[in-house]
Structures are given as C-alpha cells and as structure tokens.
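So you can see what is in the structure, the chains are spelled out below.
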Amino acid sequence: MIELFLSVLDFALPILVMIFVGLVGTSVLVELGLMQKISKLVSPIFAYTNLPETCASAFVVAIGSAVAANSMLFQAKKENCLNDREVVLCSMMNATPAYFRELFTYQIPIVLPALGLIVGGFYSLVFVVTAVFKILVIAVASKLFLEGDSCKAPETRNTEKVPLKTALKRAFKKEFRVFLKIAGVYLLATTIIFVLQEHGAFEIFSVLPLAELFKIPPETIVPLTSYVASPILGISLLGPMIHSGEITNVQAMIVLMLGSMFMLPIFAVRSQLPRKVAIFGTRLGTQIVAYSMAISMFVRLVVLLLLLGMAS
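Definitions and cut-offs
- Residues numbered from 1 in each chain as written.
- Predicted model: local features only at pLDDT ≥ 70, side-chain atom pairs only at ≥ 80, totals over all residues.
- Heavy atoms only, no water.
- Phe/Tyr/Trp six-rings, centres within 6.5 Å; stacked < 30°, edge-to-face > 60°.
- Helix = DSSP H or I, 4+ residues; strand = E, 2+ residues; numbered from the N terminus.
- Lys NZ or Arg CZ within 6 Å of the ring centre and 35° of its normal.
- Salt bridge = Lys/Arg side-chain N within 4 Å of Asp/Glu carboxyl O.
- Buried < 20%, exposed > 50% of the residue type's maximum accessible area, 1.4 Å probe, protein only.
- Core = buried A, V, L, I, M, F, W, Y, C linked by side-chain atoms within 4.5 Å.
- Contact = heavy atoms within 4.5 Å.
- Expected span 1.5 Å × (residues − 1).
- Polar contact = N/O pair within 3.5 Å; in protein donor to acceptor, adjacent residues only side chain to side chain.
- UniProt positions renumbered as here; feature names shortened; annotations may be inferred.
- Axes fitted to C-alpha atoms, helices over the stretch in contact; angles between N-to-C directions.
- Parallel < 35°, antiparallel > 145°, perpendicular 65-115°, else oblique.
- Left-handed = near helix turned anticlockwise from the far one by under 90°.
- Nonpolar A, V, L, I, M, F, W, Y, C, P; charged D, E, K, R; others polar.

## Section: the packing of aromatic side chains
In this description, an aromatic ring pair is defined by two values, namely the gap between the centres and the angle between the planes.
Phase 1: Per the stated rule, a full pass over the model turns up eight aromatic pairs.
Phase 2: Seen from their ring centres, Phe20 and Phe179 are 5.0 Å apart, and the 70 degrees between their planes marks the pair as edge-to-face. With Phe20 in helix α1 (residues 2-32) and Phe179 in helix α8 (residues 164-198), this pair connects stretches of sequence that are 159 residues apart.
Phase 3: An aromatic cluster of at least three residues, connected via ring pairs, comprises Phe20, Phe172, Phe176 and Phe179.
Phase 4: When the ring centre of Phe127 is taken as origin, the NZ or CZ atom of Arg300, which lies over that ring, is 5.6 Å away.

## Considerations on the pattern of salt bridges
Oppositely charged side chains may form a pair once their charged atoms are brought near each other.
Phase 1: Inspection of the entire model under this criterion finds two salt bridges.
Phase 2: In this structure, the salt-bridge partner of Asp84 is Lys77, at a minimum N-O distance of 3.5 Å.
Phase 3: Asp84 is paired through a salt bridge with Arg283; the nearest N and O atoms lie 2.6 Å apart. Remark: Arg283 occurs in helix α13 (residues 282-311) and Asp84 occurs in helix α6 (residues 84-94); sequence separation between them is 199 residues.
Phase 4: The class of Asp84 is partly exposed, set by a relative accessible area of 27%.

## Regarding the nonpolar core
Phase 1: By size, the foremost hydrophobic cluster in this structure holds 41 residues, and its most contacted members are Ile19, Phe46, Leu51, Ile182 and Phe280.
Phase 2: Among the elements of the structure, α1, α4 (53-62), α5 (66-78), α6, α7 (96-145), α8, α12 (249-280) and α13 are those that each provide at least two residues to this core.
Phase 3: Contacts of Phe46, omitting those with residues within four sequence positions, involve Leu51, Cys55, Ala56, Phe59 and Met93.
Phase 4: Residues Tyr227, Met241, Met253 and Val299 belong to the second largest nonpolar core, which totals 32 residues.

## A closer look at helix α11 (residues 231-244)
Phase 1: For α11, with 14 residues, the first-to-last C-alpha span of 20 Å sits near the 20 Å given by 1.5 Å per residue.
Phase 2: Those residues of α11 that sit buried are Gly234, Ile235, Leu238, Gly239, Met241 and Ile242.
Phase 3: Looking at the buried side of α11, the elements it contacts are α7, α10 (221-229) and α12.
Phase 4: Positioned one or two residues after α11, Gly245 has a phi angle of 85 degrees, which is positive.

## Some thoughts on the side chain of Thr49
Phase 1: Topologically, Thr49 is positioned in the loop between α3 (43-46) and α4.
Phase 2: For Thr49, the side chain forms a polar contact with the main-chain oxygen of Phe46, separated by 3.0 Å.
Phase 3: In terms of polar contacts, Thr49 uses its side chain to reach the backbone amide nitrogen of Leu51, at 3.2 Å.
Phase 4: Apart from the residues lying within four places of it in its own chain, the contact partners of Thr49 are Ala139, Ser142 and Lys143.

## Describing the UniProt feature "transmembrane region" (unreviewed entry) in the protein
Phase 1: Under the present numbering, the feature "transmembrane region" (unreviewed entry) in UniProt falls on residues 12-34, 55-74, 110-137, 178-196, 250-268 and 288-308.
Phase 2: Summarising residues 110-137: 100% helix, 0% strand, and an end-to-end C-alpha distance of 29 Å.
Phase 3: Taken end to end, residues 250-268 comprises 100% helix and 0% strand; its first and last C-alpha atoms sit 27 Å apart.

## What to know about the packing of α6 against α13
Phase 1: Following both chains from N to C, one finds α6 and α13 inclined at 45 degrees, their axes separated by 10 Å at the closest point. As the angle between them shows, α6 and α13 are arranged oblique. When you trace α6 past α13, the crossing you get is right-handed. Within the contact between the two elements, α6 uses Asp84, Val87, Val88, Ser91 and Met92 and α13 uses Arg283, Leu284, Gln287, Ile288, Tyr291, Ser292 and Ile295.
Phase 2: For the contact of α6 with α13, the per-class residue count stands at seven nonpolar, three polar and two charged.

As structure tokens, then:
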C-alpha cells in the first residue's frame, strides 16, 4: 500500500504543480489585464471558427503546457464565460500544439534515427496529419454547435494598474481552495487507475489476436507488445528489424499503427482521464478524452487500411 501511494505521488505531483501554476498564472493574467492581449496573438487561427476569444488565450498557453491551458478554461467556466460545448472543443484544441512540439522533442531526435527516414518520416507524418485533422474537426464542430457570441477574454476588474505582488496575492487567495479540490479528485482518480493496473485490468488490450488477424510476421509480436507498454521501447526493438531487412517498411508501418491503436486507450485512461476529470469534472473530462481519442483512432484506422491495401 505504501509503495502504491508513493507511485501515485511520484506520478501526480508534477502534474499538480502544473495545474496550480496554471490556475494562479491565469488569475494573475486576469488581474493584470493581459488576457485579451494574449488572445490577439493567435486570432488568425481562430478566425474561421466560432471558438470564443478565451479559447485563443488558452491556446497560447497550451504551446507551453496543456495542463496550464486547461486550468485557464476551468477558470473561465467557473466565471460563466464558457459553456460545456465550448470547454470541450477548446480543451481539445489545447491538445494540438503538443503534436507539433513533439516533432522536435520526440520525432526528430528519437523516432527518425531509430526507424530510418522512410518509416520514421511516415510515423511523424501521421502525428502531423492527426493534429491537422483534429483542428479541422474542431473548427467544423464549432460552426455547427457554437453560436460564436461567448464572452471575451476577461479583463481586470478596474482600470487602475495592479502591482504584480498584489496580483499574485489575489490570485493565490482566490485559487488555492479550487486547487485543493482539483488535487483531491486527481489523486483519487490516479490511485484508482494504479490499483486497476496492478490487478491487470489493462491486460484486456492484448495485441496478440489483432496481430494474428493482420498476419504480420511473428517476430514483430515482441516490439508490437512492447510498443503498447512503451512506444520508445517498441520503436527501439522494431528499428533493427527494419535495418536488417527482416520486415518490409510497409510491415513496420502496420506494426506501428496497430501498436498505436492499442496504446491510445491505455494512455487515455492512465494519463489523460485523471487530468481532465480533476480539472473539468467526470462528465466533461470523460467527454474530452473520448472525443480526442476517437479522432486519433479514426486517423490511424484510415492509415492502417491504406497500408493493408498496399501490402495485399
């Protein structure tokens, strides 16, 4: 039990720190009257959507931290500046900068050298396509389901200049209780996920039946299974098979797509769901995770079908 508690704390504390920084940082920006100025930086991206101005402000923050950006959305919702549909779409939009950020922190330095230019480039391209497709889906959904007249990014309560020290004190006082509530929910949700994992709940995502169905080479079972647990490990094991000619580039791409499709639900339940539920509550948090995962799964399924057509 103590080991489980320590594992939960080790996993959750960095996230909780980011959530706290996001809540207080957002409140400071409001006190200083900087929110509308920030939102104007990305206004061209949102020009053809019905997403509110507050969403644009959060998107800028999401370039550095999606957790902090979602904390901003929570603050806006608490102040009745966003409705549920706007929160869902804005939170999904906040996830898209991570795809492009990973090009420079994960794809180029790790994936390309391990898998080679063709397979590694393909893998990176799938990430970019997923991000672009997600943005298009969000833009269309905003036109269909949002009216586009939501309140703008919040400004300061008065016109006088607020010193930074005063803004920090106000923000801390206002957000500390909110943070404690979020932290409690997040720790509880993370503990439940870790307990389920210890009891083998995620073993239902076995890749073996699907691997047999798509008749990929038997030697790829190990990297495929490893990918579900750790993408970096799976890629490291798959790379030598590609370079030695044991499997073709297309077969390697199929393995990557299969592993990715099985990894996504585990990643969503283990990592994304506790964060979103802690910030937005069970209903909205679950909706955001489910919709985001569905879009990613759809892109990978289409790519997989195209690859199978090439392989046949």
